[in-house]
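Each chain is listed here by its residues.
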Amino acid sequence: MLKTTCILVISVLSSFSPLTTAMLNLSLPGQHPNPDAVVQEFHSRSVNVSLSRRQLQSTSTDQSTTTCLTGNPIDDCWRCDPNWQLNRQRLADCAIGFGQYALGGKGGRFYVVSDHSDHDAVNPRPGTLRYAVVQSEPLWIVFSANMLIRLSQELIFNSFKTLDGRGANVHVTGGGCITLQYISNVIIHNIHVHNCYSSGNANVRSSPTHYGYRSKSDGDGISIFGAKDIWIDHCSLWQCNDGLIDAVMGSTGITISNNYFSHHNEVMLLGHSDDYLPDSGMQVTIAFNHFGQKLVQRMPRCRRGYIHVVNNDFTQWEMYAIGGSGNPTINSQGNRYIAPTDRNAKEVTKRVETEEEQWTDWNWRSEGDIMVNGAFFVASGAAIEIKYEKAYSVDPKSAEFIDQLTLNAGVLGSRSNKLGKWTAAGNDSDSGGGTILDSGGNGDSIGRMVGSGAAPSPLSRPDSTTTISILITLSSSLFLYVTAAASVLL
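Right, let's walk through the structure included here. (Residues numbered from 1 in each chain as written. Predicted model: local features only at pLDDT ≥ 70, side-chain atom pairs only at ≥ 80, totals over all residues. Heavy atoms only, no water.)

Next up on the list: the pairing of strand β16 (residues 252–257). With 5 of 6 residues buried, β16 is to be regarded as a mostly interior element. Where strand β13 (residues 228–233) and β16 come together, 5 bridges link them in parallel fashion. When the sheet's bridge partners are listed, Asp233 is paired in β16 with Ser257. Sheet topology places β16 next to strand β20 (residues 283–287); 4 bridges connect them, and they run parallel. Across the sheet, the residue bridging to Ser257 is Ala287, located in β20. (Buried < 20%, exposed > 50% of the residue type's maximum accessible area, 1.4 Å probe, protein only. Helix = DSSP H or I, 4+ residues; strand = E, 2+ residues; numbered from the N terminus. Pairing = 2+ DSSP bridges.)

Following this line, the structure appears as C-alpha coordinates:
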(Lines give C-alpha, C1' and ligand atoms only; values in the text may rest on other atoms or scores of the structure.)
Protein backbone atom coordinates (compact mmCIF):
# COMPACT_ATOMS: atom_id res chain seq x y z
CA MET A 1 0.00 0.00 0.00
CA LEU A 2 2.79 2.42 0.91
CA LYS A 3 4.67 1.70 -2.31
CA THR A 4 1.59 2.19 -4.44
CA THR A 5 0.74 5.50 -2.79
CA CYS A 6 4.27 6.83 -3.23
CA ILE A 7 4.17 5.99 -6.93
CA LEU A 8 0.82 7.73 -7.28
CA VAL A 9 1.99 10.92 -5.60
CA ILE A 10 5.26 10.97 -7.53
CA SER A 11 3.26 10.61 -10.74
CA VAL A 12 1.14 13.60 -9.78
CA LEU A 13 4.26 15.62 -9.01
CA SER A 14 5.84 14.69 -12.32
CA SER A 15 2.81 16.03 -14.18
CA PHE A 16 3.97 19.55 -13.33
CA SER A 17 7.22 19.16 -15.26
CA PRO A 18 7.59 21.32 -18.38
CA LEU A 19 7.98 18.26 -20.58
CA THR A 20 4.75 16.69 -19.39
CA THR A 21 2.87 19.97 -19.67
CA ALA A 22 4.10 20.45 -23.22
CA MET A 23 2.97 16.95 -24.15
CA LEU A 24 -0.56 17.70 -22.92
CA ASN A 25 -0.89 20.89 -24.99
CA LEU A 26 -2.03 20.44 -28.58
CA SER A 27 -0.40 22.74 -31.10
CA LEU A 28 -2.70 24.68 -33.41
CA PRO A 29 -2.33 23.45 -36.99
CA GLY A 30 -1.65 25.82 -39.83
CA GLN A 31 -4.53 24.24 -41.70
CA HIS A 32 -7.11 21.53 -41.28
CA PRO A 33 -5.40 18.11 -41.54
CA ASN A 34 -8.28 16.61 -43.51
CA PRO A 35 -10.35 19.25 -45.32
CA ASP A 36 -12.46 16.65 -47.10
CA ALA A 37 -13.79 15.40 -43.74
CA VAL A 38 -15.57 18.71 -43.20
CA VAL A 39 -18.06 17.97 -45.96
CA GLN A 40 -18.55 14.21 -45.64
CA GLU A 41 -22.00 13.07 -46.71
CA PHE A 42 -22.74 16.47 -48.20
CA HIS A 43 -25.79 15.18 -50.03
CA SER A 44 -27.39 14.17 -46.73
CA ARG A 45 -27.87 17.90 -46.17
CA SER A 46 -29.30 18.57 -49.63
CA VAL A 47 -32.38 20.68 -50.11
CA ASN A 48 -34.58 17.71 -50.91
CA VAL A 49 -33.61 15.88 -47.72
CA SER A 50 -34.24 18.97 -45.59
CA LEU A 51 -37.64 19.52 -47.13
CA SER A 52 -38.53 15.87 -46.70
CA ARG A 53 -37.68 16.10 -43.03
CA ARG A 54 -39.84 19.19 -42.69
CA GLN A 55 -42.76 17.43 -44.35
CA LEU A 56 -42.33 14.36 -42.12
CA GLN A 57 -42.21 16.54 -39.02
CA SER A 58 -45.21 18.64 -40.00
CA THR A 59 -47.53 16.13 -38.34
CA SER A 60 -45.39 15.89 -35.21
CA THR A 61 -46.58 17.28 -31.89
CA ASP A 62 -43.06 18.45 -31.08
CA GLN A 63 -43.45 22.22 -31.56
CA SER A 64 -39.70 22.91 -31.25
CA THR A 65 -39.00 20.62 -34.21
CA THR A 66 -41.79 21.81 -36.48
CA THR A 67 -40.91 25.47 -36.03
CA CYS A 68 -37.23 24.82 -36.71
CA LEU A 69 -37.05 23.01 -40.01
CA THR A 70 -37.35 25.23 -43.06
CA GLY A 71 -36.03 23.01 -45.85
CA ASN A 72 -33.01 25.28 -46.15
CA PRO A 73 -30.14 22.77 -45.73
CA ILE A 74 -27.71 25.33 -44.30
CA ASP A 75 -30.03 26.63 -41.61
CA ASP A 76 -31.45 23.21 -40.78
CA CYS A 77 -27.89 21.95 -40.29
CA TRP A 78 -27.22 24.13 -37.22
CA ARG A 79 -30.29 26.12 -36.16
CA CYS A 80 -32.30 23.05 -35.18
CA ASP A 81 -29.92 22.50 -32.27
CA PRO A 82 -31.39 24.55 -29.39
CA ASN A 83 -27.90 24.77 -27.88
CA TRP A 84 -26.08 25.72 -31.06
CA GLN A 85 -24.35 28.62 -29.33
CA LEU A 86 -22.47 26.09 -27.19
CA ASN A 87 -20.83 24.69 -30.31
CA ARG A 88 -20.50 27.60 -32.72
CA GLN A 89 -17.89 25.94 -34.91
CA ARG A 90 -20.50 23.43 -36.03
CA LEU A 91 -21.44 26.09 -38.58
CA ALA A 92 -18.34 25.25 -40.64
CA ASP A 93 -19.83 21.81 -41.37
CA CYS A 94 -22.98 23.30 -42.90
CA ALA A 95 -21.71 24.94 -46.09
CA ILE A 96 -22.98 23.77 -49.45
CA GLY A 97 -22.09 24.40 -53.08
CA PHE A 98 -18.72 25.34 -54.49
CA GLY A 99 -17.69 27.01 -51.23
CA GLN A 100 -18.41 23.91 -49.16
CA TYR A 101 -14.72 23.35 -48.41
CA ALA A 102 -14.31 26.70 -46.65
CA LEU A 103 -13.10 25.87 -43.14
CA GLY A 104 -12.90 29.38 -41.82
CA GLY A 105 -11.43 29.32 -38.33
CA LYS A 106 -12.63 25.82 -37.54
CA GLY A 107 -10.25 24.14 -35.09
CA GLY A 108 -8.79 27.49 -34.06
CA ARG A 109 -9.21 29.60 -30.97
CA PHE A 110 -12.07 32.01 -30.40
CA TYR A 111 -11.27 35.71 -30.55
CA VAL A 112 -13.79 38.04 -28.90
CA VAL A 113 -13.94 41.51 -30.46
CA SER A 114 -14.47 43.98 -27.63
CA ASP A 115 -13.30 47.25 -29.23
CA HIS A 116 -15.22 48.75 -32.16
CA SER A 117 -12.52 51.30 -33.05
CA ASP A 118 -10.22 51.23 -36.10
CA HIS A 119 -7.79 54.10 -35.58
CA ASP A 120 -4.59 52.53 -36.91
CA ALA A 121 -4.54 50.29 -40.00
CA VAL A 122 -0.85 49.45 -39.52
CA ASN A 123 -0.73 48.76 -35.79
CA PRO A 124 -4.26 47.73 -34.80
CA ARG A 125 -5.12 47.56 -31.11
CA PRO A 126 -5.71 44.13 -29.58
CA GLY A 127 -9.42 43.69 -29.08
CA THR A 128 -10.31 45.25 -32.44
CA LEU A 129 -11.62 43.38 -35.46
CA ARG A 130 -8.61 44.40 -37.55
CA TYR A 131 -6.22 42.89 -35.00
CA ALA A 132 -8.05 39.57 -35.31
CA VAL A 133 -8.33 39.22 -39.08
CA VAL A 134 -4.61 39.77 -39.79
CA GLN A 135 -3.41 37.02 -37.44
CA SER A 136 -1.68 34.00 -38.97
CA GLU A 137 -3.46 31.36 -36.91
CA PRO A 138 -7.00 30.11 -37.55
CA LEU A 139 -9.46 32.16 -35.49
CA TRP A 140 -13.21 32.00 -34.90
CA ILE A 141 -14.07 35.67 -34.38
CA VAL A 142 -17.13 36.62 -32.29
CA PHE A 143 -18.38 39.87 -30.76
CA SER A 144 -18.89 40.81 -27.14
CA ALA A 145 -21.73 43.25 -27.90
CA ASN A 146 -23.55 45.11 -30.68
CA MET A 147 -21.05 47.13 -32.72
CA LEU A 148 -20.80 49.69 -35.49
CA ILE A 149 -17.27 49.32 -36.89
CA ARG A 150 -16.24 52.28 -39.04
CA LEU A 151 -13.18 51.22 -41.00
CA SER A 152 -10.39 53.67 -41.72
CA GLN A 153 -8.97 51.54 -44.56
CA GLU A 154 -9.57 48.18 -46.23
CA LEU A 155 -10.00 45.35 -43.73
CA ILE A 156 -7.52 42.85 -45.19
CA PHE A 157 -8.06 39.28 -44.00
CA ASN A 158 -5.55 36.51 -43.49
CA SER A 159 -6.51 32.88 -44.25
CA PHE A 160 -8.54 30.60 -41.98
CA LYS A 161 -10.86 33.11 -40.35
CA THR A 162 -14.54 33.00 -39.45
CA LEU A 163 -16.42 36.22 -38.82
CA ASP A 164 -19.37 35.05 -36.70
CA GLY A 165 -21.82 37.84 -35.89
CA ARG A 166 -24.51 35.63 -34.34
CA GLY A 167 -25.80 36.98 -31.06
CA ALA A 168 -24.79 40.57 -31.79
CA ASN A 169 -25.89 43.30 -34.18
CA VAL A 170 -22.64 43.99 -36.06
CA HIS A 171 -22.28 46.60 -38.81
CA VAL A 172 -19.13 47.04 -40.90
CA THR A 173 -18.90 50.28 -42.87
CA GLY A 174 -16.41 52.93 -43.96
CA GLY A 175 -13.21 52.89 -45.99
CA GLY A 176 -12.65 49.99 -48.35
CA CYS A 177 -14.55 47.43 -46.24
CA ILE A 178 -13.69 43.72 -46.48
CA THR A 179 -10.82 42.49 -48.70
CA LEU A 180 -10.00 38.81 -49.23
CA GLN A 181 -6.88 38.89 -51.37
CA TYR A 182 -4.79 35.83 -52.29
CA ILE A 183 -6.04 33.88 -49.25
CA SER A 184 -8.28 30.89 -48.59
CA ASN A 185 -10.76 29.45 -46.12
CA VAL A 186 -12.84 32.37 -44.92
CA ILE A 187 -16.42 32.31 -43.60
CA ILE A 188 -18.32 35.57 -43.15
CA HIS A 189 -21.60 35.04 -41.33
CA ASN A 190 -24.35 37.30 -39.96
CA ILE A 191 -22.76 40.71 -40.58
CA HIS A 192 -24.24 43.95 -41.96
CA VAL A 193 -21.94 45.45 -44.64
CA HIS A 194 -22.97 48.82 -46.04
CA ASN A 195 -21.98 52.35 -47.02
CA CYS A 196 -18.47 51.33 -48.00
CA TYR A 197 -16.45 53.90 -49.91
CA SER A 198 -13.10 54.06 -51.68
CA SER A 199 -10.01 54.34 -49.52
CA GLY A 200 -6.31 53.76 -49.92
CA ASN A 201 -3.12 55.64 -50.72
CA ALA A 202 -2.03 54.46 -47.30
CA ASN A 203 -0.21 51.65 -45.53
CA VAL A 204 -2.39 48.76 -44.32
CA ARG A 205 -1.42 45.65 -42.36
CA SER A 206 -2.25 42.25 -43.88
CA SER A 207 -0.44 39.91 -41.44
CA PRO A 208 1.47 40.11 -38.15
CA THR A 209 4.71 40.48 -40.08
CA HIS A 210 3.70 42.54 -43.11
CA TYR A 211 2.06 45.83 -44.01
CA GLY A 212 2.25 47.61 -47.31
CA TYR A 213 1.10 50.55 -49.38
CA ARG A 214 -2.40 50.20 -50.82
CA SER A 215 -3.53 52.19 -53.84
CA LYS A 216 -7.09 53.47 -54.04
CA SER A 217 -9.70 50.74 -53.51
CA ASP A 218 -12.98 50.42 -55.39
CA GLY A 219 -15.16 50.59 -52.31
CA ASP A 220 -16.70 47.11 -52.59
CA GLY A 221 -18.60 45.70 -49.65
CA ILE A 222 -16.67 42.42 -49.93
CA SER A 223 -13.83 42.12 -52.45
CA ILE A 224 -12.65 38.58 -53.28
CA PHE A 225 -9.39 38.87 -55.21
CA GLY A 226 -7.48 35.73 -56.23
CA ALA A 227 -8.97 33.86 -53.25
CA LYS A 228 -10.56 30.44 -52.88
CA ASP A 229 -12.77 28.47 -50.49
CA ILE A 230 -14.92 31.40 -49.43
CA TRP A 231 -18.40 31.25 -47.88
CA ILE A 232 -20.55 34.37 -47.33
CA ASP A 233 -23.76 33.51 -45.49
CA HIS A 234 -26.64 35.39 -43.83
CA CYS A 235 -25.23 38.86 -44.41
CA SER A 236 -27.15 42.00 -45.29
CA LEU A 237 -25.45 44.27 -47.83
CA TRP A 238 -26.44 47.64 -49.29
CA GLN A 239 -25.22 50.99 -50.63
CA CYS A 240 -21.51 50.62 -51.34
CA ASN A 241 -19.38 52.67 -53.72
CA ASP A 242 -18.82 49.85 -56.23
CA GLY A 243 -20.08 46.28 -55.89
CA LEU A 244 -21.64 44.66 -52.86
CA ILE A 245 -19.66 41.47 -53.57
CA ASP A 246 -17.01 41.21 -56.29
CA ALA A 247 -15.00 38.03 -57.03
CA VAL A 248 -12.18 38.49 -59.56
CA MET A 249 -8.65 37.52 -60.59
CA GLY A 250 -8.99 33.73 -60.51
CA SER A 251 -11.09 33.46 -57.37
CA THR A 252 -13.03 30.20 -57.08
CA GLY A 253 -14.68 27.78 -54.67
CA ILE A 254 -17.22 30.38 -53.52
CA THR A 255 -20.70 30.08 -52.01
CA ILE A 256 -22.87 33.17 -51.52
CA SER A 257 -25.94 32.07 -49.59
CA ASN A 258 -28.84 33.34 -47.47
CA ASN A 259 -27.92 37.00 -47.96
CA TYR A 260 -30.19 40.01 -48.36
CA PHE A 261 -29.17 42.56 -51.00
CA SER A 262 -30.89 45.94 -51.36
CA HIS A 263 -30.51 49.61 -52.39
CA HIS A 264 -27.64 49.27 -54.82
CA ASN A 265 -26.77 49.60 -58.49
CA GLU A 266 -24.10 47.06 -59.49
CA VAL A 267 -24.75 44.26 -56.99
CA MET A 268 -22.29 41.50 -57.80
CA LEU A 269 -19.43 41.06 -60.27
CA LEU A 270 -17.90 37.65 -60.98
CA GLY A 271 -14.80 37.74 -63.17
CA HIS A 272 -12.13 40.36 -63.82
CA SER A 273 -12.50 40.85 -67.58
CA ASP A 274 -13.55 39.00 -70.71
CA ASP A 275 -9.91 38.37 -71.59
CA TYR A 276 -8.69 37.24 -68.17
CA LEU A 277 -8.26 33.49 -68.75
CA PRO A 278 -7.73 32.39 -65.11
CA ASP A 279 -11.38 33.28 -64.44
CA SER A 280 -12.38 30.52 -66.86
CA GLY A 281 -12.13 28.02 -63.99
CA MET A 282 -14.12 30.12 -61.51
CA GLN A 283 -16.98 28.28 -59.77
CA VAL A 284 -19.55 30.18 -57.71
CA THR A 285 -22.78 29.05 -56.04
CA ILE A 286 -25.47 31.68 -55.43
CA ALA A 287 -28.20 30.09 -53.31
CA PHE A 288 -31.16 31.03 -51.07
CA ASN A 289 -30.50 34.77 -51.36
CA HIS A 290 -33.12 37.52 -51.45
CA PHE A 291 -32.43 40.23 -53.99
CA GLY A 292 -34.65 42.94 -52.54
CA GLN A 293 -35.61 46.57 -52.90
CA LYS A 294 -34.03 49.19 -55.10
CA LEU A 295 -31.57 46.98 -57.02
CA VAL A 296 -30.61 47.89 -60.57
CA GLN A 297 -28.36 45.23 -62.18
CA ARG A 298 -25.64 42.57 -61.77
CA MET A 299 -27.30 39.84 -59.70
CA PRO A 300 -24.70 38.71 -60.79
CA ARG A 301 -22.80 39.98 -63.82
CA CYS A 302 -20.51 37.13 -64.95
CA ARG A 303 -17.32 37.04 -66.97
CA ARG A 304 -16.21 33.52 -67.77
CA GLY A 305 -16.47 30.74 -65.18
CA TYR A 306 -19.29 28.47 -64.03
CA ILE A 307 -22.10 30.05 -62.06
CA HIS A 308 -24.90 28.12 -60.32
CA VAL A 309 -27.85 30.38 -59.45
CA VAL A 310 -30.21 28.23 -57.41
CA ASN A 311 -33.34 28.85 -55.30
CA ASN A 312 -33.02 32.63 -55.00
CA ASP A 313 -35.79 35.20 -54.79
CA PHE A 314 -35.42 38.14 -57.20
CA THR A 315 -38.03 40.73 -56.23
CA GLN A 316 -37.54 43.28 -59.02
CA TRP A 317 -34.66 44.94 -60.78
CA GLU A 318 -34.43 48.12 -62.83
CA MET A 319 -32.28 46.95 -65.76
CA TYR A 320 -31.73 43.18 -65.59
CA ALA A 321 -31.02 40.44 -63.04
CA ILE A 322 -28.34 38.18 -64.57
CA GLY A 323 -25.84 39.47 -67.08
CA GLY A 324 -22.58 38.35 -68.59
CA SER A 325 -19.89 38.50 -71.20
CA GLY A 326 -16.86 36.43 -72.11
CA ASN A 327 -18.86 33.19 -72.46
CA PRO A 328 -19.68 32.23 -68.85
CA THR A 329 -21.77 29.14 -68.12
CA ILE A 330 -24.90 30.12 -66.16
CA ASN A 331 -27.15 27.47 -64.64
CA SER A 332 -30.35 29.02 -63.26
CA GLN A 333 -32.51 26.55 -61.32
CA GLY A 334 -35.52 26.90 -59.07
CA ASN A 335 -35.45 30.69 -58.75
CA ARG A 336 -38.31 33.17 -58.67
CA TYR A 337 -37.93 36.20 -60.93
CA ILE A 338 -40.40 39.05 -60.37
CA ALA A 339 -40.05 41.60 -63.16
CA PRO A 340 -40.49 45.35 -62.62
CA THR A 341 -43.46 47.23 -64.01
CA ASP A 342 -41.27 48.79 -66.74
CA ARG A 343 -42.20 46.82 -69.86
CA ASN A 344 -38.73 47.44 -71.29
CA ALA A 345 -37.02 45.68 -68.37
CA LYS A 346 -38.88 42.36 -68.21
CA GLU A 347 -35.93 40.28 -69.43
CA VAL A 348 -34.03 38.52 -66.65
CA THR A 349 -30.86 38.20 -68.73
CA LYS A 350 -28.48 40.52 -70.54
CA ARG A 351 -25.48 39.72 -72.73
CA VAL A 352 -23.36 42.76 -72.01
CA GLU A 353 -21.82 44.50 -75.03
CA THR A 354 -22.06 41.33 -77.11
CA GLU A 355 -23.78 40.73 -80.43
CA GLU A 356 -26.25 37.86 -80.73
CA GLU A 357 -24.16 35.90 -83.21
CA GLN A 358 -21.43 35.79 -80.56
CA TRP A 359 -23.54 34.59 -77.61
CA THR A 360 -25.84 32.04 -79.25
CA ASP A 361 -23.42 29.26 -78.28
CA TRP A 362 -23.03 30.38 -74.63
CA ASN A 363 -24.50 27.88 -72.19
CA TRP A 364 -27.20 29.75 -70.29
CA ARG A 365 -30.25 27.85 -69.14
CA SER A 366 -33.33 28.31 -66.98
CA GLU A 367 -34.70 25.18 -65.37
CA GLY A 368 -37.65 25.16 -62.99
CA ASP A 369 -37.60 28.94 -62.55
CA ILE A 370 -40.85 30.82 -61.85
CA MET A 371 -41.38 33.95 -63.97
CA VAL A 372 -43.67 36.60 -62.47
CA ASN A 373 -45.10 39.84 -63.88
CA GLY A 374 -43.91 39.12 -67.41
CA ALA A 375 -40.33 38.15 -66.56
CA PHE A 376 -38.55 36.02 -69.17
CA PHE A 377 -35.17 34.33 -69.42
CA VAL A 378 -33.38 34.16 -72.78
CA ALA A 379 -31.57 30.84 -72.88
CA SER A 380 -28.74 29.94 -75.25
CA GLY A 381 -26.30 27.17 -76.08
CA ALA A 382 -26.82 23.45 -76.23
CA ALA A 383 -29.54 21.94 -74.05
CA ILE A 384 -27.20 19.15 -73.00
CA GLU A 385 -26.75 18.22 -69.33
CA ILE A 386 -23.02 17.58 -69.63
CA LYS A 387 -22.51 21.25 -70.55
CA TYR A 388 -23.64 22.24 -67.04
CA GLU A 389 -21.72 19.71 -64.95
CA LYS A 390 -19.18 22.29 -63.81
CA ALA A 391 -22.00 24.73 -62.99
CA TYR A 392 -23.97 22.31 -60.81
CA SER A 393 -23.26 22.39 -57.08
CA VAL A 394 -26.41 21.66 -55.05
CA ASP A 395 -29.67 19.87 -55.74
CA PRO A 396 -32.32 22.49 -56.53
CA LYS A 397 -35.83 22.38 -55.14
CA SER A 398 -38.98 23.57 -56.82
CA ALA A 399 -39.32 27.34 -56.94
CA GLU A 400 -42.68 26.82 -55.23
CA PHE A 401 -40.70 26.60 -51.99
CA ILE A 402 -38.89 29.93 -52.45
CA ASP A 403 -40.72 31.71 -49.62
CA GLN A 404 -39.76 28.89 -47.29
CA LEU A 405 -36.17 28.55 -48.47
CA THR A 406 -35.40 32.28 -48.31
CA LEU A 407 -37.51 32.99 -45.22
CA ASN A 408 -34.55 34.10 -43.10
CA ALA A 409 -32.29 35.62 -45.77
CA GLY A 410 -30.03 38.34 -44.42
CA VAL A 411 -28.74 38.89 -40.91
CA LEU A 412 -30.49 36.65 -38.40
CA GLY A 413 -31.94 38.39 -35.39
CA SER A 414 -32.66 41.61 -37.28
CA ARG A 415 -36.33 40.71 -37.48
CA SER A 416 -38.09 38.15 -35.28
CA ASN A 417 -35.19 35.73 -34.94
CA LYS A 418 -33.51 35.66 -31.55
CA LEU A 419 -30.01 34.30 -31.21
CA GLY A 420 -27.90 33.55 -28.16
CA LYS A 421 -25.06 35.92 -27.40
CA TRP A 422 -21.46 34.78 -27.28
CA THR A 423 -20.65 32.57 -24.32
CA ALA A 424 -17.53 30.57 -23.57
CA ALA A 425 -19.65 27.98 -21.75
CA GLY A 426 -19.82 24.78 -23.73
CA ASN A 427 -17.29 25.97 -26.30
CA ASP A 428 -14.63 23.81 -24.67
CA SER A 429 -11.85 21.74 -26.19
CA ASP A 430 -14.30 19.01 -27.15
CA SER A 431 -16.60 21.33 -29.06
CA GLY A 432 -14.42 24.19 -30.23
CA GLY A 433 -13.15 26.25 -27.30
CA GLY A 434 -11.22 26.29 -24.03
CA THR A 435 -9.61 28.58 -21.48
CA ILE A 436 -10.16 32.31 -21.92
CA LEU A 437 -6.90 34.13 -22.59
CA ASP A 438 -6.11 37.83 -22.78
CA SER A 439 -4.61 38.83 -26.11
CA GLY A 440 -3.10 42.05 -24.78
CA GLY A 441 -4.14 45.66 -24.95
CA ASN A 442 -4.93 48.39 -22.47
CA GLY A 443 -7.88 49.06 -20.25
CA ASP A 444 -11.14 47.60 -21.47
CA SER A 445 -9.93 47.32 -25.07
CA ILE A 446 -8.71 43.78 -24.64
CA GLY A 447 -9.57 41.02 -27.07
CA ARG A 448 -10.01 37.60 -25.60
CA MET A 449 -8.88 34.38 -27.20
CA VAL A 450 -10.36 31.02 -26.34
CA GLY A 451 -8.26 27.96 -27.06
CA SER A 452 -9.55 25.23 -29.33
CA GLY A 453 -6.93 22.53 -29.52
CA ALA A 454 -4.23 25.18 -29.36
CA ALA A 455 -1.34 25.35 -26.94
CA PRO A 456 -2.27 27.80 -24.16
CA SER A 457 -0.25 30.95 -24.04
CA PRO A 458 2.04 31.50 -21.05
CA LEU A 459 -0.71 33.70 -19.59
CA SER A 460 -2.88 30.64 -19.08
CA ARG A 461 -0.30 28.49 -17.33
CA PRO A 462 0.21 28.52 -13.53
CA ASP A 463 3.00 30.92 -12.56
CA SER A 464 6.07 29.69 -10.68
CA THR A 465 4.72 30.75 -7.27
CA THR A 466 1.55 28.73 -7.73
CA THR A 467 3.46 25.69 -8.92
CA ILE A 468 5.90 25.81 -5.97
CA SER A 469 3.00 26.08 -3.52
CA ILE A 470 1.35 23.01 -5.00
CA LEU A 471 4.60 21.05 -4.89
CA ILE A 472 5.22 21.99 -1.24
CA THR A 473 1.67 20.98 -0.26
CA LEU A 474 1.94 17.60 -1.97
CA SER A 475 5.41 16.96 -0.57
CA SER A 476 4.20 17.72 2.98
CA SER A 477 1.24 15.39 2.57
CA LEU A 478 3.52 12.63 1.32
CA PHE A 479 5.91 13.12 4.26
CA LEU A 480 3.10 12.95 6.83
CA TYR A 481 1.64 9.84 5.23
CA VAL A 482 4.99 8.05 5.13
CA THR A 483 5.66 8.96 8.77
CA ALA A 484 2.28 7.71 9.92
CA ALA A 485 2.59 4.51 7.95
CA ALA A 486 6.07 3.83 9.36
CA SER A 487 4.85 4.22 12.95
CA VAL A 488 2.05 1.71 12.33
CA LEU A 489 4.50 -0.83 10.93
CA LEU A 490 6.83 -0.41 13.93
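Right, let's talk about the packing of aromatic side chains for a bit. Pairs of aromatic rings are described using the distance from one ring centre to the other and the angle between the two planes. All chains considered together, the criterion is met by 8 aromatic pairs. The interplanar angle of 25° and the centroid separation of 4.6 Å between the aromatic rings of Phe314 and Tyr337 together place this pair among those described as stacked. Here Tyr337 lies in strand β28 (residues 336–338) and Phe314 lies in strand β25 (residues 313–315), a separation of 23 residues in the sequence. There is no split in this pair, since Phe314 and Tyr337 are both buried. An aromatic cluster is defined as three or more aromatic residues linked by ring pairs; in this entry it consists of Phe261, Phe291, Phe314, Trp317 and Tyr337. Between Arg166 and the ring centre of Trp78, over which it is positioned, the NZ or CZ distance is 4.6 Å. Sitting above the plane of the Tyr388 ring, Arg365 keeps its charged end 4.3 Å from the centroid. (Phe/Tyr/Trp six-rings, centres within 6.5 Å; stacked < 30°, edge-to-face > 60°. Lys NZ or Arg CZ within 6 Å of the ring centre and 35° of its normal.)

This part covers the sheet that holds strand β3 (residues 147–151). Read across the open sheet, the 9 strands follow the order β3-β6-β9-β14-β17-β21-β25-β28-β31; overall the sheet is parallel. Strands at the two margins of the open sheet, each flanked by one partner only, are β3 and β31 (370–372). With 3 bridges joining them, strand β14 (residues 236–238) and strand β17 (residues 260–262) adopt parallel strand pairing. Along β17, the bridge assignment pairs Leu237 with Phe261.

This brings us to the side chain of Ser159. If you trace the backbone, Ser159 turns up in the loop between β4 (155–156) and β5 (161–164). Judged by its relative accessible area of 15%, Ser159 falls in the buried class.

Further remarks concern the pattern of salt bridges. Applying the stated rule across the entire model yields 13 salt bridges. The salt bridge involving Asp115 is made with Arg125; its shortest N-O contact spans 3.8 Å. Of this pair, Asp115 sits in the loop between β1 (109–113) and α6 (129–133) while Arg125 sits in the loop between β1 and α6; the two residues are 10 residues apart in sequence, bridging distant segments of the chain. Judged by relative accessible area, Asp115 falls into the buried class, the value being 7%. Residues Glu385 and Arg365 are paired through a salt bridge, measuring 3.1 Å at the closest nitrogen-oxygen approach. Within this pair, whereas Glu385 is found in the loop between β31 and α8 (402–405), its partner Arg365 is found in strand β30 (residues 364–367), the two being separated by 20 residues in sequence. For Glu385, a relative accessible area of 46% corresponds to the partly exposed category. (Salt bridge = Lys/Arg side-chain N within 4 Å of Asp/Glu carboxyl O.)

Let us look at the state of the cysteines. Per the stated rule, a full pass over the model turns up 2 disulfides. Sulfur-sulfur distance for the disulfide between Cys77 and Cys94 comes to 2.1 Å. Judged by the torsion about the S-S bond (-70°), the Cys77/Cys94 disulfide is left-handed. Of the two residues, Cys77 sits in helix α5 (residues 73–78) while Cys94 sits in the loop between α5 and β1, which places them 17 residues apart along the sequence. Take Cys77: its relative accessible area is 13%, and that puts it in the buried class. Under the relative-accessibility criterion, Cys94 is labelled buried at 0%. The disulfide bridge from Cys177 ends at Cys196, spanning 1.9 Å between sulfur atoms. Torsion about the S-S bond of the Cys177 and Cys196 cystine: about -85°, corresponding to left-handed handedness. Of the two residues, Cys177 is situated in the loop between β6 (170–175) and β7 (178–181) and Cys196 in strand β9 (residues 192–197); the sequence distance between them amounts to 19 residues. Grouping residues by exposure puts Cys177 and Cys196 together as buried. (Disulfide = S-S within 2.5 Å.)

For the rest of this paragraph, the subject is the sheet that holds β4. Strands sit in the order β4-β7-β12-β15-β19-β23-β26-β29 across an open sheet of 8 strands; the sheet is parallel. Strands at the two margins of the open sheet, each flanked by one partner only, are β4 and β29 (349–351). The pairing of strand β23 (residues 301–303) with strand β26 (residues 322–325) spans 3 bridges and is classified as parallel. Paired with Arg303 across the strands is Ser325, a residue of β26.

Membership of the largest hydrophobic core comes to 67 residues, with the highest contact counts inside it found for Leu129, Phe143, Leu180, Ile224 and Phe261. Per-element accounting of this core gives the leading share, 4 residues, to α6. Excluding its chain neighbours within four sequence positions, the residues that come into contact with Leu129 are Val113, Asp115, Ile141, Phe143, Ile149, Leu155, Leu163 and Val172. Listed in part, the 23 residues of the second largest apolar core include Trp78, Trp84, Ala287 and Val310. (Core = buried A, V, L, I, M, F, W, Y, C linked by side-chain atoms within 4.5 Å. Contact = heavy atoms within 4.5 Å.)

Our focus in this paragraph is unusual backbone geometry. Met299 connects to Pro300 through a cis peptide bond whose omega is 10°. Looking at where Pro300 falls in the secondary structure, it is placed in the loop between β22 (295–297) and β23. The residue Phe160 is not glycine, and still its phi comes out positive at about 60°. Considering the arrangement of structural elements, one finds Phe160 in the loop between β4 and β5. Looking at Phe160, the relative accessible area reads 11%, which means it is buried.

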